[in-house]
Amino acid sequence: MIVTGAACPVIGDITAKLETDQTQQQGGRRDRTGQNRKQENTEKREQDKIKGVKRGLTLMEMIMRNGLFQTALCLVGISSPVNCQVNWKNGKNIHHQLTQQQGKTISTTEDLTYFANNLINERNFVKNLDTILIPRTVGSEGSRKVRNHIIKEMRRVGWSVDQHAFEDNTPFGKYTFTNVIATLNPDAPRRMVIACHYDSKLEPRGGVFASDSAVPCAMMLNLAKTMREELREQKKNSQDLTIQFLFFDGEEAFKRWTSTDSIYGSRRLASDWEKKPYSHNGVSGDHNDRIDIFVLLDLLGARDMTLSKLETSTGDWYDNLVRIEQSLQQRGLIKGSSIFNRNFLPAGIEDDHIPFKRRNVPILHLIAYPFPKQWHKMGDDRSTLDFERIANFNKVLRVFVAEYLHMNT
Ligand SMILES: [Zn+2]
């Protein structure tokens, strides 16, 4: 990934929404005064929210389901009835409302302990990490080994795995790239996507690039393994929404980061999915429309890793990560300083999310910022990692996924 300059269109996009975000943050600061009243306040706010939702339910719900424009069309009777109902395409809007405002958050000590601590298996994380920690440049023997490991592990926990292979031109000629797509329930129309890249940089030669992105890949394998039973239950209970992992090939530039020499795997997948129609219960769209939220993990695991909010459009989801981490800290379920900062940073980072963001997929970009000190250096190896912090991240991520998928203990 790369931090772009002022010319980057991403920066303008984010700044335009900065005002709204600052207002939210100020609200957050006010709420933090008076720590002991915090719990009461939170409960009261939740009750008020629920009341508010109930009061204006018909219109509000309609807007959340369909968006403002569609709702207007429904109200004046221009739109066909099928567009005025919840469907797989507008489902993510109402899903957001349900999770945020109708108390489907995981907040009891029992549930937090269960997902964060009872399911923990950091030995499994380390095992996966050590398998991935080899040079794995596009088309190399290491790449094949790591890809096969990912496929094997994902199949072992019962997910369906596809390989998305294609050829593309690079500054060093034609290469074959292979993305790995693992889906818990391929029949579910909507997907919560978590993504990382498994390729490593060509230079410096022999580098294993732990934070970039062996750790994120191992975190995802660990999540699938530790939540295996809970996810199996979720698959049985929900026909509508599932979880999907994308392991991208060719994120790194071969020579120098340009629009054609970088993010090969994600560029091709987003473009292929755009061309691939999808229809469910009479509502049609393309395969990118099936993505509820696109969570991208990158540059994670180094000693001082801290994250900030990088996208305002999914700001509420980022705030959930902050809240989950705080809840775990308050209960002593995680130790050490916070990973998730409350602040919003208009950083303009180019990464695998860009091709999907350009196609209006909601993005949650979880990348350490500032970048790790050893970023793109030989020193980005096992010795630069903070395993306690990684374990904390894994805990927060489990709770976040459990909340998103409305899981029960
Ligand atoms: Zn990189």
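Residues numbered from 1 in each chain as written. Predicted model: local features only at pLDDT ≥ 70, side-chain atom pairs only at ≥ 80, totals over all residues.

Chemist: Explain helix α12 (residues 315-330) residue by residue, including any values.
Modeler: Taking 1.5 Å per residue as the helical rise, α12 with its 16 residues ought to reach 22 Å, and the 22 Å between its terminal C-alpha atoms agrees with that figure. If you follow the buried residues of α12, they end up packed against α6 (109-118), β8 (291-298), β9 (307-309), β10 (340-344), β12 (363-367) and α14 (387-404). Two residues or fewer past α12, Gly332 is found with a positive phi of approximately 70°. (Helix = DSSP H or I, 4+ residues; strand = E, 2+ residues; numbered from the N terminus. Expected span 1.5 Å × (residues − 1). Contact = placed C-beta atoms within 7 Å.)

Chemist: Go over the confidence of the model for the chain, please, and point to the residues and values.
Modeler: Should the pLDDT be low somewhere, the predicted coordinates at that spot are not to be read in detail. Summary statistics for the chain give a mean pLDDT of 84 and a share of 77% for residues scoring 70 or more. Segment residues 5-58 is flagged for pLDDT under 50; beyond a separation of four residues in sequence, or across chains, it makes 29 contacts in the model. (pLDDT = per-residue confidence, 0-100.)

Chemist: With reference to specific residues and values, describe the pairing of β8.
Modeler: Side chains on a regular strand alternate between the two faces of the sheet. Burial within β8 is extensive, with 7 of its 8 residues counted as buried. Examined bridge by bridge, strand β4 (residues 190-197) and β8 share 5 bridges and lie parallel to one another. Directly across from Ile194, in β8, lies its bridge partner Val295. Here 5 bridges tie β8 to β12, and the two strands are oriented parallel to one another. Bridge assignment links Asp298 to a residue of β12, and that residue is Ile367. (Buried ≥ 20, exposed ≤ 12 C-beta atoms within 10 Å, placed from the backbone. Pairing = 2+ DSSP bridges.)

Chemist: Could you give me a rundown of the nonpolar core, with the residues and numbers involved?
Modeler: Among the nonpolar cores identified, the biggest contains 85 residues, and Cys217, Met219 and Phe294 are the most heavily contacted of them. Here the element with the most residues in this core is helix α9 (residues 210-226); it accounts for 10 residues. Not counting residues within four places of it along the chain, the set of residues in contact with Met219 comprises Phe125, Leu297, Leu300, Phe393, Asn394 and Leu397. Counting 5 residues, the second largest nonpolar core, distinct from the first, contains Val138, Phe177, Tyr264 and Ile354. (Core = buried A, V, L, I, M, F, W, Y, C linked by C-beta atoms within 7 Å.)

Chemist: Lay out the environment of Thr170 with the relevant residues and their values.
Modeler: Residue position: Thr170 is located in strand β2 (residues 160-170). Exposure remark for Thr170: the 19 C-beta atoms within 10 Å place this residue in the partly exposed category. Distance in space between the C-alpha atoms of Thr170 and Tyr264 is 9.2 Å, their sequence separation being 94 residues. Leaving out residues up to four positions away in the same chain, Thr170 has contacts with Tyr175, Phe254 and Asp261.

Chemist: Break down the sheet that holds β8 for me, citing the residues and quoting the values.
Modeler: The mixed open sheet is built from 6 strands, whose spatial order is β2-β3-β5-β4-β8-β12. With partners counted over all chains shown, the strands left at the sheet margins are β2 and β12, one partner each. Each neighbouring strand pair of the sheet contributes to a mean axis angle of 20°, computed without reference to strand direction. (Axes fitted to C-alpha atoms, helices over the stretch in contact; angles between N-to-C directions.)

Chemist: Go over unusual backbone geometry with me, naming the residues and quoting the values.
Modeler: For the bond running from Glu203 to Pro204, omega is -10°, close enough to zero to count as cis. With respect to the secondary-structure elements, Pro204 resides in the loop between β4 and α9. Along the chain, Tyr369 connects to Pro370 via a cis peptide bond; the corresponding omega equals 0°. With respect to the helices and strands, Pro370 occurs in the loop between β12 and α14. Located in the positive-phi region is Asn360, a residue other than glycine, with phi close to 65°. Note on placement: Asn360 falls in the loop between α13 (354-357) and β12. Take Asn360: there are 11 C-beta atoms within 10 Å of it, and that puts it in the exposed class.

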